[in-house]
Amino acid sequence: MVYSNRIQHSIRFMEEQLHEPLTLEQIAAEAGFSPFHFHRLFRRETGLSIAEYLRSRRLCLASRMLLYSEEPIIGISLQCHFESQEAFTRAFKKMYGMPPGRYRKMFSLHTQAHAAQGGEMNMIEESMVKGWMLSGSHPHQYEIGLDRHNVHQGNASGYLKAVTPEGPNVFATMMQQFKADRYLKRRMRFSGFVRTEGVTEFCGLWMRVDNQAEDVLRFDNMNNRRIVGDTHWNHYAIVLDVPDNAATISLGVLLMGPGQVWVDSFRFEEVDESVPTTNLEIVYELRDEPSNLTFEE
């Protein structure tokens, strides 16, 4: 947990300094580790090297600048710390499938058309998201969709948004469920990047492992490390063992009460036993004997 907190602190530091030149030594010092040790921990937690993370985030920033500013491409490449426009073009084409000039021409028309209709264009698709479903206590008070403006990597993020949350303990989740067969006797990590806005009660990733009778075998919803308020993109993870009698695995993001949460770059992968689990123990207190059998108490 200490390592995760340090990694999250380093990501916040990088997000605030994306326009600035950053070195591994600076970032490692901010996290309180040696460069070698920090780089190893960061890759283990996020699946990315520091250089890969900064490059992907700066390319995402560049894609937004291409659509929402008139900055010349060479200026964008320099602001995003590429040594030349040619290097920027190669990296951008590798991530987005086309050079930055064509990307700007193709998508800025769509952006301008919506802007002409009034208001800020967020490029949100309010619809069901492939592979994901909306559930929870009051799913009709929430919505899920794709957002092509608030993105961590690539072209889109998923979002879960409260529309009309009413009453206490109202929540919804964007989730999916699948068979546990392929993951039996393995330690699995569900991780990704999360951003929040206006969350007053509770937001977090969650994961649950059930048996055939739908009894909960392993569970974590980040209740002991809640995400609240307005937060920039950061990395969060859940690690659970999948017992040999597991039948289903469910996972997703949870939002209780008002607010909005964006999620991106989820990963579901096996980790070794050096990575501690985050399982929340569900304790049921049993009495020694029956009580109030006559209902007179």
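As the structure is a prediction and not an experimental result, all values here were calculated from the model.

Please clarify how the overall build of the protein chain should be interpreted in this entry.
When its secondary structure is counted, the protein chain shows seven helices and ten strands. The contacts of the protein chain with a sequence gap of at least 6 include a subset with a gap of at least 24, amounting to 72%.

Any chance you could explain the side chain of T278 here in plain terms?
One can find T278 in the segment after β10 (260–271). A relative accessible area of 14% places T278 in the buried class. Within the structure, the side chain of T278 is placed 2.6 Å from the side chain of D220, a separation counted as a polar contact. The contact partners of T278, leaving out residues within four places of it in the chain, are F219, D220, R225, A237, I238, V239 and L240.

Would you take a moment to explain the packing of helix α3 (residues 35–46) against helix α4 (residues 50–68) for this structure?
Where α3 contacts α4, the two axes come as close as 9 Å, and the packing angle between them is 60°. One way to sum up the angle between α3 and α4 is to call them oblique. Contact residues: F38, H39, F42 and R43 in α3; I50, E52 and Y53 in α4. Residue composition of the contact of α3 with α4, by class: four nonpolar, one polar and two charged.

What is the right way to read the pattern of salt bridges from this model?
Pairing is possible between side chains that carry opposite charge, provided their charged atoms lie close to one another. Taken as a whole and assessed by the stated rule, the structure comprises seven salt bridges. Notably, a salt bridge pairs D241 with R187, separated by 2.6 Å at the nearest N-O pair. Of this pair, D241 sits in strand β8 (residues 227–242) while R187 sits in strand β6 (residues 186–211), and the two are 54 residues apart along the sequence. According to the relative accessible area criterion, R187 is buried, its value standing at 15%. With a shortest N-O distance of 2.6 Å, E269 and R267 are connected by a salt bridge. The network of salt bridges with shared partners includes R189, R267 and E269.

What am I meant to see in unusual backbone geometry here?
Glycine aside, negative phi is the norm for most residues, and most peptide bonds take the trans geometry. Here the phi dihedral of H81 falls at roughly 65°; this positive angle occurs in a residue that is not glycine. Among the structural elements, H81 can be located in the loop between α5 (73–79) and α6 (85–96). By relative accessible area, H81 is classed as partly exposed at 31%. Non-glycine residue S265 carries a positive phi angle of around 55°.

Explain helix α2 (residues 24–31) here, please?
For the α-helix, the turn length of 3.6 residues means that residues three or four positions removed from each other point alike. Buried within α2 are the following residues: I27, A28 and A31. Along the axis of α2, the buried positions cluster into a sector of 100°, meaning they face one direction only. Just past α2, the residue G32 takes up positive phi, approximately 85°.

Help me understand the pairing of strand β3 (residues 142–147), please; the structure alone is not making it clear to me.
Every regular strand shows the same layout, with side chains that alternate between the two sheet faces. Here β3 lies mainly inside the structure; five of its six residues are buried. Two strands pair when backbone bridges link them, and β3 and strand β4 (residues 157–162) are joined in this way by six bridges, in the antiparallel orientation. The residue of β4 that forms the bridge with I144 is L160.

Cut-offs and rules
- Here the residue index of a chain counts from 1 through its sequence in written order.
- Where local features are concerned, this predicted model is filtered to residues with pLDDT of at least 70; where side-chain atom pairs are given and counted, the filter is 80 or more; whole-chain, interface and lining totals use all residues.
- Excluding hydrogens and water, the side-chain figures rest on all heavy atoms present in the structure.
- Where helices and strands are cited, they refer to DSSP runs of H or I of at least four residues and of E of at least two residues respectively, numbered from the N terminus.
- Any pair of residues with heavy atoms lying within 4.5 Å of one another is described as a contacting pair.
- Each residue's exposure class comes from its accessible area (1.4 Å probe, protein chains only) as a fraction of the maximum for that residue type: buried when under 20%, exposed when over 50%, partly exposed otherwise.
- Polar contact criterion, stated in full: a pair of N or O atoms within 3.5 Å, where within protein one must be able to donate a hydrogen and the other to accept it, and residues adjacent in sequence count only if both atoms are side-chain atoms.
- Here an angle of 0 to 180 degrees is reported between the N-to-C directions of two axes, which are lines fitted to C-alpha atoms, with helices fitted over the stretch in contact.
- Relative orientations are named as follows: roughly parallel for angles under 35 degrees, roughly antiparallel for angles over 145 degrees, roughly perpendicular for angles from 65 to 115 degrees, and oblique for any other angle.
- Here the nonpolar group is Ala, Val, Leu, Ile, Met, Phe, Trp, Tyr, Cys and Pro; Asp, Glu, Lys and Arg are the charged ones; every other residue, Gly included, is treated as polar.
- Just to be clear on terms, a salt bridge is a Lys or Arg side-chain nitrogen sitting within 4 Å of an Asp or Glu carboxyl oxygen.
- Starting at the helix axis, one direction is taken to each C-beta atom, and the arc is that of these directions.
- For two strands to pair, DSSP has to find at least two bridges joining them.

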